[in-house]
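# A look at the structure
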Amino acid sequence: MTSLFPTASNQLDTLPGAQLDRLHPGWVDLFSEPDMRAAIEKLDIFLAARLKAGARIFPSKVFLALEAHPPEAIRAVILGQDPYHGPGQAYGLAFSVPNDCTTPPSLRNIFRELAREYPERTPRRKNELSDWAEQGVLLLNASLTVEQASPGSHARKGWETITDRLIQRVAATPHPKVFLLWGAHAQAKQGLIEAAGGTTKVLRANHPSPLSASRPPRPFIGCGHFSQANAWLEAHGEEPIDWMGT
């Protein structure tokens, strides 16, 4: 994976269409298809207009999650909704922020669940989840951009066309992979995943947000998803993921 922080700012200054050369080559054919090209062109027009109007948009590298591996090397997928909407937070991997950032509440609950599942390991303190990405974990938001202090501001602007196709592409691959669907927004993608016909395991729980992490019927805290994902991968001949890092 290339450097996560090529500039001091995580603010968008290069339109998505001009960032396609950063993709792992394994994604290029998908992005060459007519509906994907049309979606990128639509987003470029929208984002250019918002930037011209003075909007601050994050992150700077919209396709970072697709840089490390091709679809055939993805072993787990974690779906988010949209990037964090504050300066210095989002940089292209769902749920991840720089290590010098205050840990967001949802990520704090992810670490809480990791500590519960792996009590013998040193608790995870690294906010950057790039080590997960390097192991074949796709950390994908449904929308890949957002405006400052305006969560959901780029929903239904065209990103879903692209990210749904990415989900379908990964799900259709024959090798084993696990989808961790946290919250109703992510769980709405289960139909796409199952229809793709690949070898997949789907795990469902509430979103790790403090508003829902402990709420029934599927509380995130206590879900056991990280160890369940590894057990399923190992049962299908795959190496487990080191969720805790070093």
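Structure report, in brief. (Residues numbered from 1 in each chain as written. Predicted model: local features only at pLDDT ≥ 70, side-chain atom pairs only at ≥ 80, totals over all residues. Heavy atoms only, no water.)

Our next topic: the overall build of the protein. Counting secondary structure elements, the protein contains eight helices and six strands. When its helices and strands are written in sequence order, the protein yields α-α-β-β-α-α-β-β-α-β-α-α-β-α. The C-alpha atoms of the protein give 17 Å as radius of gyration, which agrees with the globular expectation for 246 residues (18 Å, within 12%). Dimensions along the principal axes, computed over C-alpha positions, put the protein at roughly 50 × 40 × 35 Å. Put simply, 73% of the contacts in the protein that link residues at least 6 apart link residues at least 24 apart. Split by element, the accessible area of the protein, about 10,700 Å² in all, is 52% carbon and sulfur. In the protein, the 25 positive side-chain charges and the 25 negative ones have mean positions that sit 7 Å from each other. (Helix = DSSP H or I, 4+ residues; strand = E, 2+ residues; numbered from the N terminus. Rg over C-alpha atoms; globule rule 2.2 N^0.38 Å. Contact = heavy atoms within 4.5 Å. Areas by Shrake-Rupley, 256 points an atom, 1.4 Å probe, with all protein chains shown as cover. Lys, Arg positive; Asp, Glu negative; His and termini not counted. Charge placed at Lys NZ, Arg CZ, Asp CG, Glu CD.)

It is worth spelling out the packing of aromatic side chains at this point. The tally for this structure, following the rule as stated, stands at eight aromatic pairs. A centroid spacing of 5.4 Å and a plane angle of 75 degrees characterise the contact between Phe31 and Phe63, whose relative ring orientation is edge-to-face. Note that Phe31 is positioned in helix H1 (residues 28-31) and Phe63 in the loop between strand E1 (57-58) and strand E2 (76-80), a separation of 32 residues in sequence. Residue classification places Phe31 among the buried residues on the basis of a relative accessible area of 5%. Classification of Phe63 as buried rests on a relative accessible area of 2%. (Phe/Tyr/Trp six-rings, centres within 6.5 Å; stacked < 30°, edge-to-face > 60°. Buried < 20%, exposed > 50% of the residue type's maximum accessible area, 1.4 Å probe, protein only.)

Their axes nearest at 8 Å, the elements helix H3 (residues 105-117) and helix H8 (residues 225-235) cross at an angle of 60 degrees. In this view, H3 runs oblique relative to H8, as classed from their interaxial angle. Every residue of H8 that contacts H3 at Ile110, Glu113, Leu114 and Glu117 is listed here: His225, Phe226 and Ser227. In the contact of H3 with H8, the residues fall into three nonpolar, two polar and two charged. (Axes fitted to C-alpha atoms, helices over the stretch in contact; angles between N-to-C directions. Parallel < 35°, antiparallel > 145°, perpendicular 65-115°, else oblique. Nonpolar A, V, L, I, M, F, W, Y, C, P; charged D, E, K, R; others polar.)

The first and last C-alpha atoms of helix H5 (residues 159-172) sit 20 Å apart over 14 residues, in line with the 20 Å expected at 1.5 Å per residue. Of all the positions in H5, only Trp159, Glu160, Ile162, Thr163, Arg165, Leu166, Ile167, Val170 and Ala171 are classed as buried. (Expected span 1.5 Å × (residues − 1).)

This brings us to the pairing of E2. Of all five residues that make up E2, five are buried, and the element is covered over most of its length. Going residue by residue along E2, you find Ala76, Ile78 and Gly80 tucked away on one face and Val77 and Leu79 tucked away on the opposite face as well. Sheet topology note: the E2/strand E3 (residues 137-141) ladder contains five bridges and is parallel. Opposite Val77, over in E3, you have Leu138 as the bridge partner. Judged from the three bridges that link them, E2 and strand E5 (residues 177-182) form a sheet pairing that is parallel. Looking at E5, one finds that Ala76 is bridged to Val178. (Pairing = 2+ DSSP bridges.)

Looking now at the layout of surface pockets. Its volume calculated, the largest pocket comes out at about 420 Å³. As for the largest pocket, its lining consists of 23 residues, of which Asp82, Tyr84, Phe95, Ser106 and His207 are closest to the centre. Of the residues in the lining of the largest pocket, the class split is eleven nonpolar, eleven polar and one charged. (1 Å grid on protein atoms, 1.4 Å probe; cavity = no way out; pocket = protein on both sides within 12 Å on 5 of 7 lines; lining within 4 Å. Points joined across faces, edges and corners; volume = space filled by probe spheres on them.)

Turning next to unusual backbone geometry. Along the chain, Phe58 connects to Pro59 via a cis peptide bond; the corresponding omega equals -5 degrees. Between Pro216 and the following residue, Pro217, the backbone shows a cis peptide bond with an omega angle of 5 degrees. Position of Pro217 relative to the elements: it lies in the loop between strand E6 (200-205) and H8. If you check the backbone angles, Phe95 has positive phi at about 75 degrees while not being a glycine. Of note, Phe95 is situated in the loop between E2 and H3. Within the chain, Ala149 stands out as a residue other than glycine whose phi angle is a positive 60 degrees. In this fold, Ala149 is placed in the loop between strand E4 (146-147) and H5.

With that settled, the discussion passes to the pairing of E5. Where burial is concerned, most of E5 is hidden: six out of the six residues are buried. Residues Lys177, Phe179 and Leu181 of E5 are buried on one face, and the alternating residues Val178, Leu180 and Trp182, pointing to the opposite face, are buried as well. With six bridges joining them, E5 and E6 adopt parallel strand pairing. Across the sheet, Leu181 pairs through a bridge with Arg204, a residue of E6.

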